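# Chain and residue survey
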Amino acid sequence: MDAMTPSQIALSTSALDYVLARDAHRLSLIHLAAAGQIWLHPGSESELFAVTVNHQRYSSQNLELADMQMDFSVAGVQHLIARFIGSDFEVDHHLKVYLDTALMESWQVIRCAGDHTIHVTRVDSLSLDIPTADYELLYYTSDWGCEFTGVRENLASEKILETRFGRSSKGQHPWFALMHDSGAVLSASVAWSGNWVFRFEPISGGFRLSGGLHDWEFSKDLPPNTTLETPIVVLVLGKDLNAVSQQYAQIGRRYWYPRTSLSAKVPVEWNHWWSYEDTYINEARFLENVAVAQSIGADICVLDAGWFGPSDAGTFWYDYRGDWDRVNVERFPRGIRPLSDECHARGMKFGMWCEIEALGVKAQLAETHPEMVARRDGERLGYICFGSPETEEFAYQTLARLIRENNLDWIKLDFNLDPGAGCNRTDHGHGAGDGLYAHYMGYYRILERVRRDFPEVVLESCSSGGLRIDLGLLRRTDMTFLSDPDYPVHDLQLFWGATTLIAPDSCLHWSFGEWIGKNPPPPQNFNPRDPKLKPHQFDYYTRISMLNVFGYSQKLPELPAWVEDRLSRHTHIYKNHVRRFVREADLYHLTDQPGRDGGGDRWSAFQYRLRDTTENLLFVFRLPGGEAARTIRLHDLQPQRLYHVMGFEGEDMGAVSGHDLMQTGLHFDTIPEEGSALLQIR
Ligand SMILES: [Zn+2]
């Protein structure tokens, strides 16, 4: 390409029109469209990214384009690397476009190319000028027990989405969908576990959308020849929200999500936590549950918090996080290994909880290794800083030891604190302004190293439930836990929200559990021994968890016989029929998001459609307050074909044409409140 001649570079796919113009020394986006919708304002030449170096803002419009390369080494991916030159630094702009989708990723690598340290204070991995329109913005607020609370509002003036809590999903989730009045959707997500931001700023003729790492309290000095890699921002376009969500899931499954043979199977999990917490778990209780879990058909048993710390039945797990070398022998006199051996002897897998980043207030680790402690202005932040190479090594070695000593198949990695702006010590190897950034880069390296060295160990991510859910962690862990509470309406709200960003096989959540804690949220009131509990209610509670990776936290030996029978039956239906769809199918949200507060849609229906087959699965739930009847219309069937509609409990609704299933729909008028249907349509 001749640098003096205007030229166009198209990275278009069958689903996307994406055209860059190279004009002298500049590179601009001049066309962006998908599903018939143009997302660039007319006549605009949009910049691609922006960086602030030595207090001056630079973008693809005012940096000099030096070189462009295309990398086709990964099948189905066009990877453009455009090098820009500044006065004493370089920016490599990376853009990936995926075949057959309208999904793109962009990020940059900034390198100090001069003789003097440069000072970086803001990096927008994505900057895009979109046209004026009547937009509705959908995003999710989040807090403990309130993850994925959908908010819809008109985008009329400046809007900021962000977190400053130091974990990606506290406050808001790092995702949005912008609905054009034509119905088309533009969605983006920051693949980053710390502070992130999206800004919508009015400009002449539209909005400037920018985002990536949050610039709040961020700065990084780059000495000569050092680099800074910015977080990936994923951009997805589609004809509607289902089309956008399916692309996130499709590319996630194919390119992002790591899998072991266990996670690829979509295992059924029993976990001890809510029905025993730390106080009531011990070796005998755990093993009693393992025996029942085996007879029910569970694939894995996970020992949650409560196993470590001083050998004193009265200690509180939270205070001792960090002391991972101390097993509570009051509860586990023979250590943890016998639990693992028993699970394996019964043909199941075994997993364990650990909060490897955290530092409890009574943990000895703070005394033995004060150099590891993350501090801000001298105050302890409650975690150890992986911005320090020695601490990163300690964390890796700790996890490796736990895996080896206990023959683990699964680690649940929790994170129960808000790091805020993060560590600003200057003796860790990071600067005062990039401690949190350095911590997460260190955490990502640890996860990648554990996977390399223990490729069969499943990594589950958790953070006070679902307060750190992002595509940065989901590139390095097999699944994410969605929330601590698991009452049914809350579960449905979470599943609806989470699966606009994440495939169901990367979401783990449990069925309605019996909580032993003193102050559960009021709706968290499940009691399997309640004589008023009806089979249709238990089926509804359980099927909700079967939408994603299926698990339960119940006192299994104390379940009434009929409840245990139903749980066993659901487990077998899940393993034999459902999980193949959870793992592979395109998911359609057929109803709107329900609200845990009693608002939102009071029916929930989800269709799983296996591509290149005629197989579909339909889940239908009538929530409390739901009207007596609802018609559910399916998507993307073959109109002329006859589909057989049948359940797993003897229901047979006969043969219905694809046309009728899509146009007329299936009418449900016999499902009670807290009732459900699970149907095969093929
Ligand atoms: Zn630090």
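Everything below is about the structure shown above.
Residues numbered from 1 in each chain as written. Predicted model: local features only at pLDDT ≥ 70, side-chain atom pairs only at ≥ 80, totals over all residues. Heavy atoms only, no water.

## Looking at the overall build of the protein
Here is the rule we go by: Segments assigned H or I by DSSP are reported as helices when at least four residues long, segments assigned E as strands when at least two residues long, and all are numbered from the N terminus. For a compact globule the rule gives 2.2 Å times the number of residues to the power 0.38, and the radius of gyration it is set against comes from C-alpha atoms. Each residue's exposure class comes from its accessible area (1.4 Å probe, protein chains only) as a fraction of the maximum for that residue type: buried when under 20%, exposed when over 50%, partly exposed otherwise. Residue contacts are defined here by distance: any two heavy atoms, one from each residue, within 4.5 Å place the two residues in contact. Only the protein chains shown count as cover for residues, with accessible areas throughout obtained via the Shrake-Rupley method and a probe of 1.4 Å. Two residue types count as positive, namely Lys and Arg, and two as negative, namely Asp and Glu; His and chain ends fall outside the count. Positions of charges follow a simple convention, taking NZ of Lys, CZ of Arg, CG of Asp or CD of Glu.
Regarding its fold elements, the protein presents 12 helices and 40 strands. Relative to the globule expectation of 26 Å for 682 residues, the C-alpha radius of gyration of the protein, 26 Å, shows essentially globular dimensions. Reported as C-alpha extents along the three principal axes, the dimensions of the protein are approximately 80 × 70 × 40 Å. Here the protein, with 682 residues, has 64% of them falling under the buried criterion. For the protein, the share of sequence-separated contacts (at least 6 apart) that also reach a separation of at least 24 residues comes to 68%. Surface exposure of the protein reaches about 23800 Å², of which carbon and sulfur atoms provide 48%. Measuring between centres, the 64 positive side-chain charges of the protein sit 4 Å from its 91 negative side-chain charges.

## Considering the sheet that holds strand β34 (residues 603-609)
As a reminder, the rule being used: At least two DSSP bridges between two strands are needed for those strands to be called paired. Axis definition: a line fitted to C-alpha atoms, limited for helices to the stretch in contact. Angles are taken between N-to-C directions and run from 0 to 180 degrees.
Strand order in this open sheet of 6 strands is β33-β34-β35-β40-β37-β38, and the pairing throughout is antiparallel. The sheet is open, and its two edges are formed by β33 (586-589) and β38 (652-657), each paired on a single side. Neighbouring strand axes in the sheet, compared pairwise and without regard to direction, differ in orientation by 20° on average. Sheet analysis places β34 next to strand β35 (residues 616-622), joined by 7 bridges and oriented antiparallel.

## Some thoughts on the packing of helix α9 (residues 488-498) against helix α10 (residues 535-545)
Put simply, the rule is: For classification purposes, angles smaller than 35 degrees are called roughly parallel, those larger than 145 roughly antiparallel, those between 65 and 115 roughly perpendicular, and all remaining angles oblique. Definitions for this section: a left-handed crossing has its near helix turned counterclockwise from the far helix by less than a right angle. A right-handed crossing has that turn clockwise. Charged residues are taken to be Asp, Glu, Lys and Arg, nonpolar residues to be Ala, Val, Leu, Ile, Met, Phe, Trp, Tyr, Cys and Pro, and polar residues to be all remaining types, Gly included.
The geometry of α9 relative to α10 is characterised by a closest axis approach of 10 Å and an angle of 25° between their N-to-C directions. The angle between α9 and α10 falls in the class roughly parallel. Seen along the crossing, α9 lies across α10 with a hand that is left-handed. Counting all contacts with α9, which are made through P488, V489, D491 and L492, the residues of α10 involved are Y540, Y541 and I544. Tallied by class, the residues present in the contact of α9 with α10 amount to 6 nonpolar, no polar and 1 charged.

## Some remarks on the coordination of the zinc ion
Formally: The donor definition counts N, O and S atoms within 2.8 Å of each metal and applies 3.2 Å to Na, K and Ca; water is not among these atoms, so some sites may look incomplete. Square planar and octahedral sites, with four and six donors, are those where opposite donors lie more than 155 degrees apart and all other angles lie between 65 and 115, tetrahedral sites have four donors with every angle between 85 and 135 degrees, and the rest are irregular.
With distances of 2.0 to 2.3 Å, the protein atoms coordinating the zinc ion are C385 (SG), C423 (SG), H428 (ND1) and H430 (NE2). If you look at the zinc ion, its 4 donor atoms make angles of 101 to 120° with each other, and the shape they trace is tetrahedral. Counting gaps between the donor residues of the zinc ion yields the pattern C-x37-C-x4-H-x1-H. With a gap of 45 residues between them, C385 in the loop between β27 (379-384) and α7 (389-406) and H430 in the loop between β28 (410-413) and α8 (435-453) connect regions that are remote in the sequence. On the basis of relative accessibility, which here comes to 0%, the residue C385 falls in the buried class.

## Some thoughts on the state of the cysteines
Filter applied, for reference: Note on disulfides: each one is a pair of cysteine sulfur atoms within 2.5 Å.
In the structure shown here, the tally under the stated rule is 0 disulfides. Free cysteine: C146, not disulfide-bonded; nearest cysteine sulfur from C462 at 16 Å. Unpaired in this structure, C354 has its nearest cysteine sulfur neighbour in C462, at a distance of 12 Å. Classification of C354 by relative accessible area gives buried; the value is 1%.

## Description of the pairing of strand β10 (residues 103-112)
Burial within β10 is extensive, with 9 of its 10 residues counted as buried. As paired strands, strand β9 (residues 89-98) and β10 are joined by 9 bridges and run antiparallel to one another. By the bridge assignment, F89 is partnered in β10 with C112. Hairpin connection, β9 to β10: the antiparallel pair is bridged by 4 residues, and D100 has positive phi, about 65°.

## A few points about the environment of R580
Considering the arrangement of structural elements, one finds R580 in helix α11 (residues 561-584). Judged by relative accessible area, R580 falls into the partly exposed class, the value being 32%. Measuring from C-alpha to C-alpha, the distance between R580 and I110 comes to 43 Å, with 470 residues separating the pair along the chain. If we ignore the near neighbours within four places in the chain, the residues touching R580 are A585, L610 and E615.

## Some words on helix α1 (residues 241-256)
To be explicit about the condition: By the criterion applied in these results, polar contacts are pairs of N or O atoms within 3.5 Å in which, for protein atoms, one can donate a hydrogen and the other can accept it, and in which residues neighboring in sequence qualify only through two side-chain atoms.
Most of α1 is tucked away, with 12 of its 16 residues classed as buried. Looking at α1, one finds that the buried residues are L241, N242, A243, V244, S245, Q246, Q247, Y248, A249, I251, G252 and W256. Capping of α1 at its N-terminal end is provided by D240; its side-chain oxygen lies 3.3 Å from the backbone amide nitrogen of N242.

## Observations concerning the packing of aromatic side chains
The line we're drawing: Each aromatic pair joins two rings of Phe, Tyr and Trp (for Trp, the six-membered one) with centres within 6.5 Å, and gets the label stacked for planes under 30 degrees apart, edge-to-face for over 60, and tilted for any other angle. Two limits define a charge over a ring: the Lys NZ or Arg CZ must be within 6 Å of the ring centre, and within 35 degrees of the ring normal.
A full pass over the atoms with the stated rule returns 42 aromatic pairs. Consider the rings of F316 and W317, whose centres lie 5.9 Å apart with planes at 65°: the pair is edge-to-face. Residue classification places W317 among the buried positions, given a relative accessible area of 13%. Cluster of aromatic residues (ring-pair linked, three or more members): W273, W274, W307, F308, F316, W317, Y318, W324, W353 and W515. Across from the ring centre of F481, 4.6 Å away, lies the NZ or CZ of K412, which sits over that ring. The cationic tip of R449 hangs over the ring face of Y396; the distance from NZ or CZ to the ring centre is 3.6 Å.

## Let's talk about the packing of helix α4 (residues 283-296) against α11
The description of two helices packed together rests on the angle between their axes and the distance between the axes. The contact between α4 and α11 brings their axes to 9 Å, and the two run at 55°. In terms of axis orientation, α4 runs oblique to α11. Of the residues in α11, those in contact with V292, S295 and I296 of α4 are E564, L567, S568, T571 and H572. Partitioning the contact of α4 with α11 into residue classes produces 3 nonpolar, 4 polar and 1 charged.

## Regarding the side chain of N406
With respect to the helices and strands, the residue N406 is situated in helix α7. Owing to a relative accessible area of 6%, N406 belongs among the buried residues under this scheme. One polar contact links the side chain of N406 to the main-chain carbonyl oxygen of L402, over a distance of 3.1 Å. Contact partners of N406, with chain neighbours within four places excluded, come to I336, R337, S340, F350 and M352.

## Looking at the pattern of salt bridges
The test is simple: The rule for a salt bridge is simple: a side-chain nitrogen of Lys or Arg has to be within 4 Å of a carboxyl oxygen of Asp or Glu.
Summed over the entire model, instances satisfying the criterion amount to 51 salt bridges. With a closest N to O distance of 3.4 Å, R111 and E90 form a salt bridge. Remark: E90 occurs in strand β9 and R111 occurs in strand β10; sequence separation between them is 21 residues. When the shortest N-O distance is used, the salt bridge between D601 and R630 registers 2.7 Å. In this pair, D601 sits in the loop between β33 and β34 while R630 sits in strand β36 (residues 630-632), placing the two residues 29 residues apart along the sequence.

## Examining the sheet that holds strand β1 (residues 7-10)
In spatial order, the strands read β1-β2-β3-β4; together these 4 strands make up an open sheet with antiparallel pairing. Because the sheet does not close on itself, it has two edges, and the strands there are β1 and β4 (37-38).

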